[in-house]
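Survey of secondary and tertiary structure
Residues per chain are reported as follows:
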Amino acid sequence: MSAREPVESPDDASFVRPFIMTGGRAEPLQADLRLETLVVAVGVPDESLAFERRHIVAACAQPTTVAEVAHRVGVPLGVAKVLISDLVVAGQLACRQPAELPLQMLERIRDHVRAL
């Protein structure tokens, strides 16, 4: 092996580029998915689903936010939104938007963020 050849680490073999998971799409089918949107599995994960999609359905056995799903599955937020949207359209997940936060709650969040 020459000095110019890159050394492949064990992690490289299992890395999948995010655009591969979404079929090259960057925009979800549902534009109304927000970070705080709650998603929940409608049933058990379908065995025909690709790995990431099966993992998302399993992670949503209990109502979970879109942001938490992205974290649990280990994908960027944009990828999670596209995959979740696909699963909602396929009937594997249901979503609901939480009510708007009251101004007092938003101010408390702002104050806590400033304190960081």
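The structure under discussion appears in the preceding block.
The structure contained in this document is the topic of the report that follows.

Reading the values: rules and limits
Residues numbered from 1 in each chain as written. Predicted model: local features only at pLDDT ≥ 70, side-chain atom pairs only at ≥ 80, totals over all residues. Heavy atoms only, no water. Helix = DSSP H or I, 4+ residues; strand = E, 2+ residues; numbered from the N terminus. Contact = heavy atoms within 4.5 Å. Areas by Shrake-Rupley, 256 points an atom, 1.4 Å probe, with all protein chains shown as cover. Patch = residues over 30% accessible without salt bridge, like charges linked within 9 Å, V, L, I, M, F, W, Y side chains within 5 Å. Salt bridge = Lys/Arg side-chain N within 4 Å of Asp/Glu carboxyl O. Buried < 20%, exposed > 50% of the residue type's maximum accessible area, 1.4 Å probe, protein only. Arc of directions from axis to C-beta. Axes fitted to C-alpha atoms, helices over the stretch in contact; angles between N-to-C directions. Parallel < 35°, antiparallel > 145°, perpendicular 65-115°, else oblique. Nonpolar A, V, L, I, M, F, W, Y, C, P; charged D, E, K, R; others polar.

As a further point, take the overall build of the protein. Scanning the protein for helices and strands turns up 5 helices and 3 strands. N-terminal to C-terminal, the α/β element order of the protein is α-β-α-β-α-α-β-α. Taking contacts inside the protein between residues at least 6 apart in sequence as the whole, the part at least 24 apart equals 71%. Of the accessible surface of the protein, which amounts to about 8100 Å², a share of 58% is contributed by carbon and sulfur atoms.

Along the chain, R54 falls in helix α2 (residues 51-59). Residues R54 and L87, spaced 33 residues apart in sequence, show a C-alpha to C-alpha distance of 9.5 Å. For R54, the contacting residues outside a window of four places in its chain are P45, D46, E47 and L49.

For the rest of this paragraph, the subject is a nonpolar patch on the surface. Residues L101, L103, M105, L106, I109, V113 and L116 make up a contiguous nonpolar surface patch of about 720 Å² in total accessible area. Structurally, I109 is set in helix α5 (residues 103-115).

In total, this model carries 4 salt bridges according to the counting rule given. Between E36 and R34 there is a salt bridge; the shortest N-O distance is 2.6 Å. We classify E36 as partly exposed; its relative accessible area is 36%. The partner of E68 in a salt bridge is R72, and the shortest N-O contact between them spans 3.2 Å. Pair noted here: E68 and R72 are both in helix α3 (residues 66-73), with a separation of 4 residues, about one helical turn. Relative accessible area serves as the criterion here: at 30%, E68 is assigned to the partly exposed category. Since its relative accessible area comes to 44%, R72 is described here as partly exposed.

Where α2 is concerned, the buried positions are E52, R53, I56, V57 and A59. All buried residues of α2 fall inside an arc of 165° around its axis, so they share one side.

Two numbers describe how α3 lies on helix α4 (residues 77-89): the axes approach to 9 Å, and their chain directions differ by 110°. It follows that α3 is roughly perpendicular to α4 by the angle criterion. Residues V66, A67, V69 and A70 of α3 form the contact with α4, whose participating residues are L77, A80, K81 and I84. In terms of residue class, the contact of α3 with α4 is made up of 7 nonpolar, no polar and 1 charged.

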